[in-house]
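Notes for the structure review
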Amino acid sequence: MIRKHSATLHGHRTSFSLEDEFWLELKAIAVQRGISLANLIAEIDDQRGPGSNLSSALRVHVLIWLKKKVA
């Protein structure tokens, strides 16, 4: 199921939609890295390209993280 989530990034409120599975993986990544979920989302937001939306950038980040763990 896709759910809408909200976060404050650099003092501005934003929202994005993610499937539950991606949301759970993002939370796990934050725990593994020892950072808050908000900080992880802000990092991903800062690194995404100008044509990318936040939801897509979050999904790609999870995919890359999981692929690196398998390799």
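Relevant structure appears above.
Okay, so let's go over this structure. (Residues numbered from 1 in each chain as written. Predicted model: local features only at pLDDT ≥ 70, side-chain atom pairs only at ≥ 80, totals over all residues. Heavy atoms only, no water.)

1. Details of the packing of aromatic side chains
Basically, it comes down to this: Between rings of Phe, Tyr and Trp, where Trp is taken as its six-membered ring, a pair exists when centres lie within 6.5 Å; planes separated by under 30 degrees are stacked, by over 60 edge-to-face, and by other angles tilted. Any residue under 20% of the maximum accessible area for its type is buried, any over 50% is exposed, and the rest in between are partly exposed; the area is computed with a 1.4 Å probe on protein chains only.
For the structure shown, the criterion picks out 1 aromatic pair. Look at Phe16 and Trp23: their rings are 6.1 Å apart centre to centre, the planes differ by 40°, and that puts the pair in the tilted class. Each member of the pair Phe16 and Trp23 is classed as buried.

2. Considering helix 1 (residues 20-33)
Applied cut-off: Under the scheme used here, helices are H or I runs from DSSP no shorter than 4 residues and strands are E runs no shorter than 2 residues, and both carry numbers assigned from the N terminus. Multiplying 1.5 Å by the residue count of a helix minus one yields the expected span of that helix. Residue contacts are counted whenever heavy atoms from the two residues lie within 4.5 Å of one another.
Its 14 residues give helix 1 an end-to-end C-alpha distance of 20 Å, which sits within 8% of 20 Å, the value for a rise of 1.5 Å per residue. Elements in contact with the buried residues of helix 1: strand 1 (2-9), strand 2 (12-19), helix 2 (37-47) and helix 3 (54-70). Looking one or two places after helix 1, you find Gly34, whose phi comes out positive at around 75°.

3. A word on the nonpolar core
Using the following cut-off: Among buried residues, those of type Ala, Val, Leu, Ile, Met, Phe, Trp, Tyr and Cys that are joined through side-chain atoms within 4.5 Å constitute a nonpolar core.
Ranked by size, the top nonpolar core spans 16 residues in total, and within it Phe16, Leu26, Ile41 and Leu58 carry the most contacts. Here Phe16 is in contact with Arg3, Lys4, His5, Ser6, Ala7, Trp23, Ile41, Leu54, Ser55 and Leu58, once residues within four sequence places are set aside.

4. Let's talk about unusual backbone geometry
Of note in this structure, His10 is not a glycine but carries a positive phi near 55°. Position of His10 among the secondary structure elements: in the loop between strand 1 and strand 2.

5. Here's the deal with the pairing of strand 2
Note the cut-off: Here a strand pair is declared whenever DSSP counts at least two bridges between the two strands.
With 8 bridges joining them, strand 1 and strand 2 adopt antiparallel strand pairing. In the strand pairing of strand 2, Ser6 is matched with Ser15. Between strand 1 and the antiparallel strand that follows it, strand 2, lie 2 residues; His10 among them carries a positive phi value of about 55°.

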